[in-house]
Amino acid sequence: MILIDFNGAMIGQIISQKMDKDIDDLRVFILNELRKYNLKFREHYSTSDDTRMVVCLEGRSWRKEVFPQYKANRKDVKKKPKLDWENVYSMLNQIVEELRENSPYIFLQHERAEADDCIAAMVKYTQAFGRGNPVMIVSSDSDFQQLQRFKNVQQYSVLNKKMMVPENGPTTYLIENIMRGQSKDGIPNIHSPDDQFVAENSPRQKSVSKDLIAKISGVIQFDLGKLEDFLDDSQIKNFIRNTKMMDLCDQIPKDIVEDIYKDYETQNSNRTDKGKLMPFLMANRHRLLVECVQDFF
């Protein structure tokens, strides 16, 4: 199974190439990117009908329901580059709907989940019933490295054009991130209160030492009962808070995971017509893509 982090794979290049005006240019770009990754990975990661390429899209995050400060301090990327973002997203929505109807790929989106959740859910899906089909995650987001705890999972960085492997292993990677937090997502470290990044005049965070990370990583392996040997009550509370926000393997609400499974299975069982893509490309006068249409399958 090839799992595409749609925004992560596309938005950076949309910004750099300033593709905010012409829907034909944007459509060709997106189709070429999907074709490129399918061609690159299909031999080893799309070996049967139930392991086709899956494109994962953003929705509103359930994490804001649990932790209102989640991403509350994030600078909107639309404020930085001078692009017509309203038009970009309008075009992207139209193209996604076109590709849902005419491409051989599955598009997953949940109203209460991020693309990260869709990707993590599908990774878990491959573990059930002994499937174990090989999975390639196409994204530069380092958060997905934790999913390499499953032996069938690898990740390719769109930005660096190489495989991503957690230096000290996926479990240690996750524990370190839980302890350090993620300022870009408004998640403080274990020393800091929930409103660290949104309250006015908050003091600078106390840093989390490498020694403490090593101790926690070496003994707990997510046995929260052992945290009290190293952390006080406030730090334990914050560790649990961060685990809820950052653990993609075990913390996504079960109802959301089940919805994603059902959406995938419904699309997969109904995806029988592979004859729609060629007429679609011809109708939109994408001649060069017509010539390499087999690369999409």
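Higher on the page you've got the structure.
Computed from a predicted model, the values in this text were never measured in an experiment.

1. Things to note about the pattern of salt bridges
- Under the criterion given, the structure shown has 17 salt bridges.
- For the salt bridge of Glu114 with Lys71, the shortest nitrogen-to-oxygen distance reads 2.7 Å. Residue Glu114 is located in the loop between β3 (106–108) and α5 (115–125), and its partner Lys71 is located in the loop between α3 (63–66) and α4 (85–102); the two are separated by 43 residues in the primary sequence.
- Judged by relative accessible area, Glu114 falls into the buried class, the value being 5%.
- Residue class for Lys71 comes out partly exposed when judged on its relative accessible area of 22%.

2. Looking at the packing of aromatic side chains
- This structure, assessed with the given rule, holds six aromatic pairs.
- Judged by centre distance (5.4 Å) and plane angle (65°), the ring pair of Phe41 and Tyr156 falls under edge-to-face. Here the residue Phe41 occupies a position in helix α2 (residues 23–45), and Tyr156 occupies one in strand β5 (residues 153–157), the gap between them amounting to 115 residues. Each of the two residues, Phe41 as well as Tyr156, counts as buried.

3. A word on the packing of α2 against α4
- Contact pair α2 / α4: the axes reach a minimum separation of 10 Å and the direction vectors enclose 55°. Considering the angle they form, α2 stands oblique to α4. Considering the relative orientation of α2 and α4, their crossing is right-handed. In this structure, α2 uses Ile23, Leu26, Arg27, Ile30, Leu31 and Leu34 to contact α4, whose residues at the interface are Val88, Met91, Leu92, Gln94, Ile95, Glu98 and Leu99.
- Considering only residue class, the contact of α2 with α4 consists of ten nonpolar, one polar and two charged.

4. Topic: the pairing of β5
- Of all the five residues making up β5, four are buried; the element is thus mostly covered by neighbouring parts of the structure.
- In this sheet, β5 lies alongside strand β4 (residues 135–138) in parallel orientation, the contact comprising four bridges. When the bridges of β5 are listed, Val138 appears paired with Tyr156.
- Bridging between β5 and strand β6 (residues 162–163) involves two bridges; their strand directions are antiparallel. Bridge pairing in β6 links Ser157 to Lys162.
- Between β5 and the antiparallel strand that follows it, β6, lie four residues; Lys161 among them carries a positive phi value of about 55°.

5. Concerning the sheet that holds β3
- Spatially, β3-β2-β1-β4-β5-β6 is the arrangement adopted by the six strands of the open sheet, whose pairing is mixed. What marks the edges here is a single partner per strand, and that holds for β3 and β6.
- Contacts between helix α1 (residues 6–17) and the sheet are confined to β1 (2–5) and β2 (54–56), with β1 contributing the most and set at about 50° to the helix.
- Running at roughly 170° to β1, α5 makes contact with β1, β2, β3, β4 and β5 of the sheet.

6. A closer look at unusual backbone geometry
- Backbone geometry at Lys18 places phi at a positive 55°, although glycine is not the residue there.
- Relative to the helices and strands, Lys18 resides in the loop between α1 and α2.
- The phi dihedral of Lys161 is positive, around 55°, even though this residue is not glycine.
- Inspection of the secondary structure assignment puts Lys161 in the loop between β5 and β6.

7. Remarks on the packing of α1 against α2
- The interhelical angle for the contact between α1 and α2, taken along N-to-C directions, is 135°, at an axis separation of 11 Å. Judged by the angle between their axes, α1 and α2 are oblique. As for how α1 packs across α2, the hand of that crossing is right-handed. Counted together, Phe6, Ala9, Met10, Gln13, Ile14 and Gln17 of α1 and Leu26, Phe29, Ile30, Glu33 and Leu34 of α2 form the full contact between these two elements.
- Residues belonging to the contact of α1 with α2 are distributed by class as follows: eight nonpolar, two polar and one charged.

8. With respect to a negative patch on the surface
- Side chains of Glu111, Glu258, Asp259 and Glu265 sit close together on the surface and give a patch of like negative charge.
- By the element assignment, Asp259 lies in helix α9 (residues 254–270).

9. Focus: the nonpolar core
- One finds Leu3, Ile137, Leu147 and Met179 to be the most contacted residues of the largest nonpolar core, which totals 48 residues.
- Of all the secondary structure elements, the ones that give two or more residues to this core are β2, β3, α5, β4, α6 (170–180), α7 (210–219), α8 (233–246) and α9.
- No other element matches α5, which puts eight residues into this core.
- Filtering out sequence-adjacent residues up to four positions away, Leu147 remains in contact with Ile119, Ala120, Val123, Ile137, Val153, Leu248 and Cys249.
- Counting 40 residues, the second largest nonpolar core, distinct from the first, contains Leu31, Tyr45, Met91 and Leu289.

10. Notes on the environment of Ser157
- Examined against the element boundaries, Ser157 turns out to sit in strand β5.
- The sequence separation of Ser157 and Ser140 amounts to 17 residues, and the corresponding C-alpha distance is 4.2 Å.
- Every residue in contact with Ser157, bar those within four places of it in the chain, is listed here: Ser139, Ser140, Lys162 and Met164.
- Polar side-chain contacts of Ser157 include one of 3.3 Å to the side chain of Ser140.

About the thresholds
- Every chain's residues receive numbers from 1 upward, in the order its sequence appears when written.
- Residue-level local features of this predicted model are given only where pLDDT is at least 70; pairs of side-chain atoms are given and counted only at 80 or more, and the full residue set underlies all totals for whole chains, interfaces and linings.
- By convention in this description, side-chain values take in all heavy atoms of the structure and omit both hydrogens and water.
- Salt bridges are defined as contacts in which a side-chain nitrogen from Lys or Arg sits within 4 Å of a carboxyl oxygen from Asp or Glu.
- Comment: elements are numbered from the N terminus, with helices defined as DSSP H or I runs of at least four residues and strands as E runs of at least two.
- Relative accessible area decides the class of each residue, using a 1.4 Å probe on protein chains only: under 20% of the type maximum gives buried, over 50% gives exposed, and in between gives partly exposed.
- Between 30 and 60 degrees the pair is tilted, below 30 it is stacked and above 60 it is edge-to-face, where a pair is any two Phe, Tyr or Trp rings, Trp via its six-membered ring, whose centres lie within 6.5 Å.
- Orientation is described by lines fitted to C-alpha atoms, with helices fitted over the stretch in contact, and by angles between N-to-C directions that extend from 0 to 180 degrees.
- These descriptions rest on fixed angle ranges, namely under 35 degrees for roughly parallel, over 145 for roughly antiparallel, 65 to 115 for roughly perpendicular, and the rest for oblique.
- Crossing handedness is read from the near helix: turned anticlockwise from the far helix by less than a right angle, it gives a left-handed crossing, and turned clockwise, a right-handed one.
- Contacts between residues were defined by any pair of non-hydrogen atoms, one from each residue, lying within 4.5 Å.
- Each residue gets one label: Ala, Val, Leu, Ile, Met, Phe, Trp, Tyr, Cys and Pro are nonpolar, Asp, Glu, Lys and Arg are charged, and the others, such as Gly, are polar.
- Paired strands, as defined in this entry, are two strands with at least two bridges between them according to DSSP.
- Here the term patch refers to residues with relative accessible area over 30% and no salt bridge, with like charges joined within 9 Å and nonpolar side chains (Val, Leu, Ile, Met, Phe, Trp, Tyr) within 5 Å.
- Exposure was quantified through the Shrake-Rupley algorithm and a 1.4 Å probe, taking into account, for residues, occlusion by the shown protein chains and nothing else.
- We treat Lys and Arg as the positive residues and Asp and Glu as the negative residues; His and chain ends play no part in the count.
- Charge positions come from single atoms, namely NZ of Lys, CZ of Arg, CG of Asp or CD of Glu.
- Throughout, nonpolar core names a set of buried Ala, Val, Leu, Ile, Met, Phe, Trp, Tyr and Cys residues whose side chains join them through atoms within 4.5 Å.
- Whenever a nitrogen or oxygen atom comes within 3.5 Å of another N or O atom, the pair is scored as a polar contact, on the condition that within protein one atom can donate a hydrogen and the other can accept it, and that pairs from neighbouring residues in sequence are kept only if both atoms are in side chains.

The quantities given are spatial measurements derived from coordinates; they are silent on function.
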